[in-house]
Amino acid sequence: MEVATAPAKPQATQSIENITGSEVVIRSLLAEGASTVFGYPGGAIMPIYDALYDFNDQLQHILVRHEQGAIHAAQGFARTSGKTGVVFATSGPGATNLVTGLADAMIDSTPVVCITGQVFAHLLGTDAFQETDVINITAPVTKWNYQVTDASEIAEVIAKAFYIAGSGRPGPVLVDITKNAQVQKIDYAGHTPCKHIRSYRPKPQVRSEFVEAAAKLINEAERPYILFGQGVILGNAEAEFKAFVEKSGIPAAWTLLGLSALPTDHPLNVGMLGMHGNYGPNVLTNECDVLIAIGMRFDDRVTGRLDKYAKQAKIIHLDIDPSEIDKNVKATVPVWGDCKETLPLLTNLVEAKKHTAWVQRFKDMTEEENKVVINDECNPQSGEMTMGEVINQLNKLTNGDAVIVTDVGQHQMVACRYATFNQSRSNVTSGGLGTMGFALPAAIGAKYGAPNRPVVAVIGDGGFQMTIQELGTIMQFGADVKIIILNNNFLGMVRQWQELFLEKRYSFVDITSPDFVQVAKGYYIDGQRITDRSNLEAGLQAMLNHNGSYLLEVMVAKENNVFPMVPQGCGVGEIRLK
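Residues numbered from 1 in each chain as written. Predicted model: local features only at pLDDT ≥ 70, side-chain atom pairs only at ≥ 80, totals over all residues. Heavy atoms only, no water.

1. A look at the overall build of the chain
Looking only at helices and strands, the chain has 23 helices and 20 strands in total. The C-alpha atoms of the chain give a radius of gyration of 24 Å, which matches the 25 Å a tight globule of 578 residues would have. Going through the 578 residues of the chain one by one, you find that 60% of them count as buried. As displayed, the chain offers around 22,500 Å² of accessible surface, 50% of which is attributable to carbon and sulfur atoms. (Helix = DSSP H or I, 4+ residues; strand = E, 2+ residues; numbered from the N terminus. Rg over C-alpha atoms; globule rule 2.2 N^0.38 Å. Buried < 20%, exposed > 50% of the residue type's maximum accessible area, 1.4 Å probe, protein only. Areas by Shrake-Rupley, 256 points an atom, 1.4 Å probe, with all protein chains shown as cover.)

Here it is in structure tokens:
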């Protein structure tokens with residue numbers, strides 16, 4: 001992205017002070033509304049940490065145990081608060097440890113600003129100690145990145161960073177600041193927020209003729225169907241979306257990241273799309289006559305085989321990012337723009353209807369799924385415990401008011417299928433990248449982003465061990481995160497595929513784990529292990545009632561599979577119930 005603008009003029013009323021570039025960094029963050037930074041100090045960013053020392057009462061810093069933990073925590077913070085997460089890391093390995101989180105934030109459209117230290121400008125390109133070319137390394141996984149070599153650039157670049165990260169389709173931004181720029185003194189006249197960049201247009205112009213064409217298709221449809229994604233949440237358009245759904249009477253299904261944009265118990269919320277989504281939402285994709293996609297990108301895990309996807313339907317695609325239109329699925333009518341703006345325009349034009357018979361089709365297929373899959377998964381009467389019954393019991397105790405943070409694997413699919421939510425920004429997970437190790441640090445950040453809500457991390461025994469060190473962050477700073485480990489002693493999702501498609505050739509998925517409860521106690525975090533369902537409800541209640549963080553390990557069946565499932569290489573209409 002070319003960024004070419006004249007330097008912003010400082011506000012005339014502010015006095016000029018001679019301060020270091022590092023202090024400019026801290027003041028710029030405060031001016032942008034930052035309240036919390038997740039980070040880890042090091043040599044190349046030490047001047048910024050020294051400046052932070054004088055602002056401890058204004059800017060909270062959470063010392064993580066690994067830089068990947070910092071950026072995942074910043075993601076969790078952004079997802080629950082709706083604000084931009086902030087990360088500090090040093091040069092070299094500190095910066096490269098951010099790459100996975102940057103890629104995760106990029107594909108899941110999460111606003112994060114990462115500030116990394118860098119070696120002195122005169123040492124760039126000399127293979128100096130802890131020097132890496134972080135700009136070229138992170139270019140593919142950032143919305144924008146920039147290297148600052150002179151302190152006079154800092155305030156303007158940070159203003160641009162926050163504007164780019166949080167506007168339009170959000171994403172991660174990285175600002176790399178050389179050490180000489182951090183210690184250099186300049187005359188500072190205050191911070192001017194960025195409101196415009198000449199070469200960057202965050203929102204496409206809404207074209208009324210496309211809105212009108214979309215309304216015409218919807219009004220003529222007999223079997224219209226809505227697919228909604230995270231764009232509804234990112235656009236703060238939940239109320240507008242709900243008004244559209246209720247006036248049009250159209251059944252609506254959610255993507256993994258769209259979950260919680262519409263309350264789970266809403267009568268027109270028909271369930272989850274995709275590989276492990278609900279039966280009706282997948283099968284009936286290929287029976288609708290108009291498909292209305294809102295703030296979603298037709299990911300392969302939603303569509304299955306594209307040559308078998310909704311070929312009978314006319315497609316209406318609402319998205320803020322024009323590059324997503326026609327990328328995977330050809331749109332009959334593209335509606336560019338922020339859905340907070342386009343949805344009310346569309347709602348005004350659609351006719352109030354009740355598609356009673358069509359909605360009943362979804363209810364009938366839900367009943368079939370209940371009989372074949374859900375009842376046994378969520379309410380087993382004998383045998384080993386299931387992941388579904390743990391989530392079902394958790395729902396009863398939280399009443400849908402908790403933030404649920406999941407890692408990646410079978411537990412993620414089960415939690416997203418069965419968790420209930422009453423309000424938006426309640427589901428935090430790694431969607432597009434599928435990053436194991438995401439949940440624990442993301443839950444820490446989620447709690448700082450939503451301090452008045454209960455936060456429950458649901459994690460598998462494999463993913464938990466990838467960022468287990470972040471228990472130290474909880475220990476030091478006291479984040480009240482409840483941790484549920486669904487332990488099946490397997491890398492469960494890989495094992496499921498090996499069972500179903502590779503003749504049970506279980507190749508390196510049988511994982512040995514430590515005593516998680518004892519590990520947690522080493523970090524002064526209380527917990528217990530549940531091995532019998534008769535103790536499950538009491539264990540969950542003890543976890544939720546506990547003052548402070550708590551780890552609950554639940555031993556579940558080793559070889560349970562997550563169904564329904566659209567096998568790889570199949571269309572959504574070929575979904576398997578068992």
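Next, the rest of the story.
2. Digging into the environment of Met466
Turning to its location among the elements, Met466 is positioned in the loop between helix H19 (461-464) and helix H20 (471-477). When the C-alpha positions of Met466 and Phe438 are compared, they lie 8.5 Å apart, and in sequence the two are 28 residues distant. Setting aside its immediate chain neighbours within four residues, Met466 contacts Met436 and Gly437. (Contact = heavy atoms within 4.5 Å.)

3. Overview of the sheet that holds strand E15 (residues 403-406)
Spatially, 6 strands are ordered E16-E15-E17-E18-E20-E19 in an open sheet, and the strand pairing comes out parallel. Looking at which strands have only one partner, the edges of the open sheet turn out to be strand E16 (427-428) and strand E19 (526-530). The pairing of strand E17 (residues 455-460) with strand E18 (residues 481-487) spans 6 bridges and is parallel. Within E18, the position partnered with Gly460 by the bridge is Leu486. (Pairing = 2+ DSSP bridges.)

4. Re the sheet that holds strand E7 (residues 172-178)
Read from one edge of the open sheet, 6 strands run E3-E2-E4-E5-E7-E6, paired in parallel fashion. Each edge of the open sheet is held by one strand with a lone partner, namely strand E3 (60-63) and strand E6 (144-148). Between one strand axis and the next, the sheet turns through 20 degrees on average, direction left out of account. With 2 bridges joining them, strand E2 (residues 36-39) and strand E4 (residues 85-89) adopt parallel strand pairing. Of the residues in E4, the one forming a bridge with Gly39 is Phe88. Set on the sheet, helix H7 (residues 154-166) makes contact with E4, strand E5 (112-118), E6 and E7; between it and E6 the angle comes to about 170 degrees. (Axes fitted to C-alpha atoms, helices over the stretch in contact; angles between N-to-C directions.)

5. A few points about the pattern of salt bridges
Enumeration over the complete set of coordinates arrives at 24 salt bridges. The salt bridge partner of Lys353 is Glu351, with a shortest N-O separation of 3.8 Å. Classification of Lys353 as partly exposed rests on a relative accessible area of 25%. On the basis of relative accessible area, Glu351 is assigned to the partly exposed category, the value being 42%. Its salt-bridge partner being Lys482, residue Asp480 comes within 2.8 Å of it at the nearest N-O pair. What makes Asp480 partly exposed here is its relative accessible area of 24%. (Salt bridge = Lys/Arg side-chain N within 4 Å of Asp/Glu carboxyl O.)

6. A closer look at the environment of Asn422
The residue Asn422 is located in the loop between helix H17 (410-418) and E16 in this model. Assessed through its relative accessible area of 37%, Asn422 is described here as partly exposed. Side-chain polar atoms of Asn422 contact the backbone oxygen of Asn399, separated by 2.6 Å. (Polar contact = N/O pair within 3.5 Å; in protein donor to acceptor, adjacent residues only side chain to side chain.)

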